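Take a look at the letters that make up each chain.
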Amino acid sequence: MDRYIKSKWTSVKKKYGWRHYEVKNVFKKKKELEMFSVCDDKISFIIKLEDIKNRKQWVPGWKKIV
């Protein structure tokens, strides 16, 4: 799970007004990730590892989604 630290992700649908996020923290026991918006670092949230693997919700890297 350490490979997720500092990884970049694009949300298919806007979350908290933004799409581009980076992993700030990994909680191995709970299998969760703390993510923050690269456009507004005040915005952060916890997400389950299984949710980030869902390509209908999240895309690896920073992508432009129309």
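Reading guide: rules and limits
Residues numbered from 1 in each chain as written. Predicted model: local features only at pLDDT ≥ 70, side-chain atom pairs only at ≥ 80, totals over all residues. Heavy atoms only, no water. Helix = DSSP H or I, 4+ residues; strand = E, 2+ residues; numbered from the N terminus. Rg over C-alpha atoms; globule rule 2.2 N^0.38 Å. Buried < 20%, exposed > 50% of the residue type's maximum accessible area, 1.4 Å probe, protein only. Contact = heavy atoms within 4.5 Å. Areas by Shrake-Rupley, 256 points an atom, 1.4 Å probe, with all protein chains shown as cover. Lys, Arg positive; Asp, Glu negative; His and termini not counted. Charge placed at Lys NZ, Arg CZ, Asp CG, Glu CD. Phe/Tyr/Trp six-rings, centres within 6.5 Å; stacked < 30°, edge-to-face > 60°. Lys NZ or Arg CZ within 6 Å of the ring centre and 35° of its normal.

**Some thoughts on the overall build of the protein chain**
Moving on, step 1. Within the protein chain one finds one helix and five strands.
Moving on, step 2. For the protein chain, the succession of helices and strands along the chain, N to C, is β-β-β-β-α-β.
Moving on, step 3. On C-alpha atoms alone, the protein chain measures out to a radius of gyration of 11 Å, which is about the 11 Å that the 2.2 N^0.38 rule sets for 66 residues.
Moving on, step 4. With respect to the principal axes defined by its C-alpha atoms, the protein chain has extents near 35 × 25 × 15 Å.
Moving on, step 5. Residues classed as buried in the protein chain amount to 32% of the 66 residues present.
Moving on, step 6. When contacts within the protein chain are restricted to residue pairs at least 6 apart in sequence, those whose partners lie at least 24 apart make up 40%.
Moving on, step 7. Accessible area for the protein chain stands at about 4800 Å²; split by element, carbon and sulfur atoms hold 51% of it.
Moving on, step 8. Averaged over its 19 positive side-chain charges, the protein chain has a centre that lies 6 Å from the centre of its 8 negative ones.

**Description of unusual backbone geometry**
Moving on, step 1. One non-glycine residue, K6, lies in positive phi territory at about 65°.
Moving on, step 2. Structurally, the position occupied by K6 is in the segment before β1 (8-15).

**Re the packing of aromatic side chains**
Moving on, step 1. This structure, assessed with the given rule, holds five aromatic pairs.
Moving on, step 2. Geometrically, the ring pair formed by Y21 and F45 is edge-to-face, given 5.2 Å between the ring centres and 75° between the ring planes. One end of the pair, Y21, is in strand β2 (residues 18-27); the other, F45, is in strand β4 (residues 44-48), and 24 residues separate them in sequence. Residues Y21 and F45 agree in their burial class; the two are buried.
Moving on, step 3. Members of the aromatic cluster, joined through ring pairs, are Y16, Y21, F45 and W58.
Moving on, step 4. Taking the ring centre of W62 as reference, the NZ or CZ of K8 above it sits at 5.6 Å.

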